[in-house]
Amino acid sequence: MRTLAAALLDLVFAPICLGCDAPIAPGDGARLVCRLCRTRLRTPPPPCCDRCGAPRLRTGRTEEQACPECAHWPDALAFARSACILEPPADRIVHQLKYRGWRAAAEPMAERMAALALPDAVRRDATVVVPVPTTRARLRERGYNQAELLARWYARLTGREVRLLLERRSGAASQTILQPVARGANVAGAFRIAGSAGSLADAHLLLVDDVLTTGATAAECARTLAAAGARCVSIVTFARAPTARWVPS
Ligand SMILES: [Zn+2]
Ligand SMILES: [Zn+2]
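First things first, this report covers the structure right here in the doc. The structure displayed is predicted, hence computed values, not measured ones.

With respect to the overall build of the chain
Consideration 1: Counting its secondary structure elements, the chain contains nine helices and nine strands.
Consideration 2: Per-residue burial for the chain yields a buried fraction of 45% across its 249 residues.
Consideration 3: Here the analysis covers contacts within the chain between residues at least 6 apart in sequence; of these, 74% occur between residues at least 24 apart.
Consideration 4: Carbon and sulfur atoms provide 56% of the accessible area of the chain, an area that totals close to 12900 Å².

So this is what it looks like as structure tokens:
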């Protein structure tokens, strides 16, 4: 049942979908992302790599043997899963959270992430959620770290604990403007353990971010946390950027 407060809010701010700008019908069941956009959010098509969740493409009659997406990841980065592919409307929803100040988008995004099936080891062992940090400059300019908003909702929805274990060193360039080859080099040494982190001994930590692209950022976070004693690190993101190999030629 819709509350009186929600009905009054609708009179003042007719809800507009963050994914497509269409008005959200009363009774849709959501206030931020419409039903059509929710059905258009697709997970990567199976079969997927057990480790990184990328589609394993069939070439002719055989599936690819080694996964080209995670073959170069460090051992410290155990698993990755994403709730949807970074394509419309997911890309638009990410943009609203990240650049348009729509903090409230984090809740429906985290709901999709919380519904993901996780590998057994992650489900069993990874009880601490760690947001991928942003730079102090960006935090000042934006007022929040979108990964932390997602991490807090995700932790609440899945019964985990959030710890801000990582800090980003200042001065690193934005990843979005760089080509994949430059991304790894750009994030090398980009993170450090937060002063109050305490012992990470033998922990399997679960990173949270909005988008997984090449995995270079996650890999660098994993190296930093492993060097401080963590056993391994996995990552859950809202969206995953498809690479050229996902697109059939
Ligand atoms: Zn929509
Ligand atoms: Zn893989």
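Still more to cover.
What to know about the pattern of salt bridges
Consideration 1: Across all of its chains, the model carries 13 salt bridges by this definition.
Consideration 2: Among the ionic pairs, Glu87 bridges to Arg42, the shortest N-O distance being 2.8 Å. Pair noted here: Glu87 is in the loop between strand S3 (77-85) and helix H3 (90-99) and Arg42 is in the loop between helix H2 (35-40) and strand S1 (58-59), with a separation of 45 residues, a long-range link.
Consideration 3: Here the salt bridges share partners, and the residues they tie into one network are Arg124, Asp125, Asp202 and Arg231.

A closer look at the packing of helix H4 (residues 106-114) against helix H7 (residues 146-158)
Consideration 1: Relative to each other, H4 and H7 sit at 50°, their axes nearing to 8 Å. Classified by the angle their axes make, H4 and H7 are oblique. Crossing angle aside, the handedness with which H4 passes H7 is right-handed. The segment H4 lies against H7, with Ala106, Glu107, Met109, Ala110, Glu111, Met113 and Ala114 engaging Leu149, Leu150, Trp153, Tyr154, Leu157 and Thr158.
Consideration 2: Residues that form the contact of H4 with H7 fall into these classes: 10 nonpolar, one polar and two charged.

What to know about the coordination of the zinc ion (ligand 1)
Consideration 1: Protein coordination of the zinc ion (ligand 1) is provided by Cys17 (SG), Cys20 (SG), Cys34 (SG) and Cys37 (SG), with donor distances spanning 2.3 Å.
Consideration 2: Note that the zinc ion (ligand 1) binds four donor atoms; their angles at the metal cover 106 to 112°, and the shape is tetrahedral.
Consideration 3: Ordering the donors of the zinc ion (ligand 1) by residue number gives the pattern C-x2-C-x13-C-x2-C.

Brief notes about the pairing of strand S9 (residues 232-240)
Put simply, side chains in a regular strand alternate between the two faces of the sheet.
Consideration 1: Where burial is concerned, most of S9 is hidden: nine out of the nine residues are buried.
Consideration 2: Summarising the sheet, S3 and S9 pair through six bridges and their orientation is parallel. Opposite Ser82, over in S9, you have Thr237 as the bridge partner.
Consideration 3: Pairing analysis gives eight bridges linking strand S8 (residues 204-212) to S9, with the strands arranged parallel. Bridging across to S9, Leu205 finds its partner in Val233.
Consideration 4: Once you follow S8 into helix H9 (residues 216-227) and on to S9, the crossover reads as right-handed.

Focus on the pairing of strand S4 (residues 128-131)
Consideration 1: Across the two faces of S4 the burial is the same, with Val128 and Val130 and Val129 and Pro131 all buried.
Consideration 2: Sheet topology places S4 next to strand S5 (residues 161-162); two bridges connect them, and they run parallel. Opposite Val128, over in S5, you have Glu161 as the bridge partner.
Consideration 3: Note: S4 against S8, four bridges, orientation parallel. Across the sheet, residue Val128 finds its bridge partner in S8, namely Leu205.

Criteria and cut-off values
- Residues numbered from 1 in each chain as written.
- Chains lettered and ligands numbered in written order.
- Predicted model: local features only at pLDDT ≥ 70, side-chain atom pairs only at ≥ 80, totals over all residues.
- Heavy atoms only, no water.
- Helix = DSSP H or I, 4+ residues; strand = E, 2+ residues; numbered from the N terminus.
- Buried < 20%, exposed > 50% of the residue type's maximum accessible area, 1.4 Å probe, protein only.
- Contact = heavy atoms within 4.5 Å.
- Areas by Shrake-Rupley, 256 points an atom, 1.4 Å probe, with all protein chains shown as cover.
- Salt bridge = Lys/Arg side-chain N within 4 Å of Asp/Glu carboxyl O.
- Axes fitted to C-alpha atoms, helices over the stretch in contact; angles between N-to-C directions.
- Parallel < 35°, antiparallel > 145°, perpendicular 65-115°, else oblique.
- Left-handed = near helix turned anticlockwise from the far one by under 90°.
- Nonpolar A, V, L, I, M, F, W, Y, C, P; charged D, E, K, R; others polar.
- Donors = N, O, S within 2.8 Å, 3.2 Å for Na, K, Ca; no water.
- Tetrahedral: all angles 85-135°; square planar, octahedral: opposite > 155°, others 65-115°.
- Pairing = 2+ DSSP bridges.
- Right-handed = clockwise from strand over helix to strand, strands pointing away.

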